[in-house]
Amino acid sequence: MKRVWSPTLAWIVAVVAAVLLAVAAPTESSVMGRLPSLHARQLDQQPLALPEGLGAERTLALISFHRDQRPAVDSWINGLQLGRDASVRWLRMLVVNDPGNDAGRSEIETRLRERYAQEKAAVVPVFTDRDAFARSTGLSGVEQPHAVVLNRRGEVLARVEGPFNAEKARVLRATLDE
């Protein structure tokens, strides 16, 4: 009797283990990250529901967390020639710690409108907890700006950090062009 049940029991254990591994295996979006659902307003006052409101199936988001990261983000805009390339949908996402009230947010938006007067239609301030945003989106932290390719479901399809670099740009372009 023992000989008949041993292989059957081993087979059942193997099947259960395979099913558990299939269910517990990480998905691509859990590994790469996901943009949290947010309601934002572009600096030109247009409301934007993120990520559903992204302008294309694949959008390049240049994410910064601090004012001193602006030159690195500008290097991506210039390096990828985003001002002249209409084929790439992109936005500059400024992640700001939420001051907790409308007056504080309005004051920050006013300063940002002055600072980004030339490109305000592509600038989206996001008022939230910076660290929580970075974790959710799968970013390494808030010390460096990030360039990420997002789809309309908010899944991060590709990400790089720091200033423009030709190799990093090649990775982003390949994902954008898929």
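In this text the structure is predicted, and so the values were computed from the model without any measurement.

Rules used in this analysis
Residues numbered from 1 in each chain as written. Predicted model: local features only at pLDDT ≥ 70, side-chain atom pairs only at ≥ 80, totals over all residues. Heavy atoms only, no water. Core = buried A, V, L, I, M, F, W, Y, C linked by side-chain atoms within 4.5 Å. Buried < 20%, exposed > 50% of the residue type's maximum accessible area, 1.4 Å probe, protein only. Helix = DSSP H or I, 4+ residues; strand = E, 2+ residues; numbered from the N terminus. Contact = heavy atoms within 4.5 Å. Arc of directions from axis to C-beta. Polar contact = N/O pair within 3.5 Å; in protein donor to acceptor, adjacent residues only side chain to side chain. Salt bridge = Lys/Arg side-chain N within 4 Å of Asp/Glu carboxyl O.

Asker: Please clarify how the nonpolar core should be interpreted in this entry.
Answerer: The biggest cluster of nonpolar side chains holds 22 residues, and the ones touching the most others in it are Leu-50, Ile-63, Phe-65, Met-93 and Phe-133. Secondary-structure elements contributing two or more residues to this core are strand S1 (38–41), strand S2 (47–50), strand S3 (58–64), strand S4 (90–97), strand S5 (123–128), helix H5 (130–137) and strand S6 (146–151). The element that contributes the greatest number of residues to this core is S4, accounting for 3 residues. When sequence neighbours within four positions are dropped, the list of residues in contact with Met-93 reads Leu-35, Leu-50, Ala-61, Leu-62, Ile-63, Ser-64, Val-124, Val-126 and Phe-133. Membership of the second largest hydrophobic core comes to 17 residues, among which are Leu-62, Ile-77, Ala-169 and Leu-172.

Asker: Can you help me understand H5 in this one?
Answerer: It helps to recall that an α-helix has 3.6 residues per turn; residues three or four apart then point in one direction. Every buried residue of H5 is accounted for by Arg-130, Phe-133, Ala-134 and Thr-137. Seen end-on, H5 carries its buried residues on one side only, within an arc spanning 100°. You can read the cap of H5 off the contacts: a side-chain oxygen lies 3.2 Å from the backbone nitrogen of Asp-131, and it is on Asp-129. Phi turns positive one or two residues past the end of H5, at Gly-138, with a value near 80°.

Asker: Just checking my understanding: could you explain the pattern of salt bridges for this structure?
Answerer: Pairing is possible between side chains that carry opposite charge, provided their charged atoms lie close to one another. A complete count under the given rule lists 12 salt bridges for this structure. With its nearest N and O atoms 3.5 Å apart, the salt bridge here joins Glu-178 to Arg-58. One end of the pair, Glu-178, is in the segment after helix H6 (166–177); the other, Arg-58, is in strand S3, and 120 residues separate them in sequence. A relative accessible area of 66% means that Glu-178 is categorised as exposed. What emerges from the salt-bridge pattern is a single network uniting Arg-34, Glu-57, Arg-153 and Glu-155.

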